[in-house]
Amino acid sequence: MPHVVVKLYSGRTEQQKAALAEAVTRAVVEALRYGEYSVSVGIEDVEPKDWTEKVYKTDIIAKPATIYKQPGYDPR
């Protein structure tokens, strides 16, 4: 039962978020061969000023074993 959490800069529309959730769901179904019914997607808005503390340091730097695609930036 995959649950995917997407954190992104705030400011996207509900339509953009819904389209992203649909695309992520399709990718999970295709890659992992799960039924669409078993996939859930959460989207968390993060203010740009909070990104380094709330996402980069806590989710990327602090959990390197969970990162399968490294970002191409370093805000530190």
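All values reported here derive from a predicted model rather than from experimental measurement.

Things to note about the environment of Gly11
Structurally, Gly11 is set in the loop between β1 (3–9) and α1 (14–32). Residues Gly11 and Asp45, 34 residues apart in the sequence, show an inter-C-alpha distance of 7.8 Å.

Notes on the pairing of β1
The side chains of a regular strand alternate between the sheet's two faces. In the sheet, β1 pairs with strand β2 (residues 40–46) via seven bridges, with the strands oriented parallel. By the bridge assignment for β2, Val5 is matched with Gly42. The handedness of the β1 to β2 crossover, carried by α1, is right-handed.

Structural notes on α1
Relative to the 27 Å expected for 19 residues at 1.5 Å per residue, α1 spans 27 Å between its end C-alpha atoms, a close match to the ideal helical length. Those residues of α1 not exposed but buried are Lys17, Ala21, Val24, Thr25 and Val28. The buried residues of α1 occupy an angular sector of 105° when projected down its axis, which confines them to one face. In α1, the exposed positions angled more than 90 degrees off the buried face are occupied by Gln15 and Glu30. Packed against the buried residues of α1 are β1 and β2. Of the residues flanking the end of α1, it is Arg33, one or two places downstream, whose phi is positive at about 60°.

Brief notes about the side chain of Ser38
When you line up the elements, Ser38 lands in the loop between α1 and β2. If near-sequence neighbours (up to four positions away) are discounted, Ser38 is found in contact with Met1 and Pro2.

Quick notes on the packing of aromatic side chains
Each aromatic ring pair is specified by the distance between its two centres and by the angle formed by the two planes. Inspection of every chain in the model, using the stated rule, returns two aromatic pairs. Taking the centre distance of 5.5 Å and the plane angle of 80° together, the rings of Tyr9 and Trp51 count as edge-to-face. You can see Tyr9 sitting in strand β1 and its partner Trp51 sitting in helix α2 (residues 51–61), a full 42 residues away along the chain. For Tyr9, a relative accessible area of 41% gives the class partly exposed.

Quick notes on α2
Looking only at α2, the buried set comprises Trp51, Val55, Tyr56, Asp59 and Ile60. Seen end-on, α2 carries its buried residues on one side only, within an arc spanning 110°. Turning to α2, the residues buried within the fold contact β1 and β2.

So, how was this worked out
Residues numbered from 1 in each chain as written. Predicted model: local features only at pLDDT ≥ 70, side-chain atom pairs only at ≥ 80, totals over all residues. Heavy atoms only, no water. Helix = DSSP H or I, 4+ residues; strand = E, 2+ residues; numbered from the N terminus. Pairing = 2+ DSSP bridges. Right-handed = clockwise from strand over helix to strand, strands pointing away. Expected span 1.5 Å × (residues − 1). Buried < 20%, exposed > 50% of the residue type's maximum accessible area, 1.4 Å probe, protein only. Arc of directions from axis to C-beta. Contact = heavy atoms within 4.5 Å. Phe/Tyr/Trp six-rings, centres within 6.5 Å; stacked < 30°, edge-to-face > 60°.

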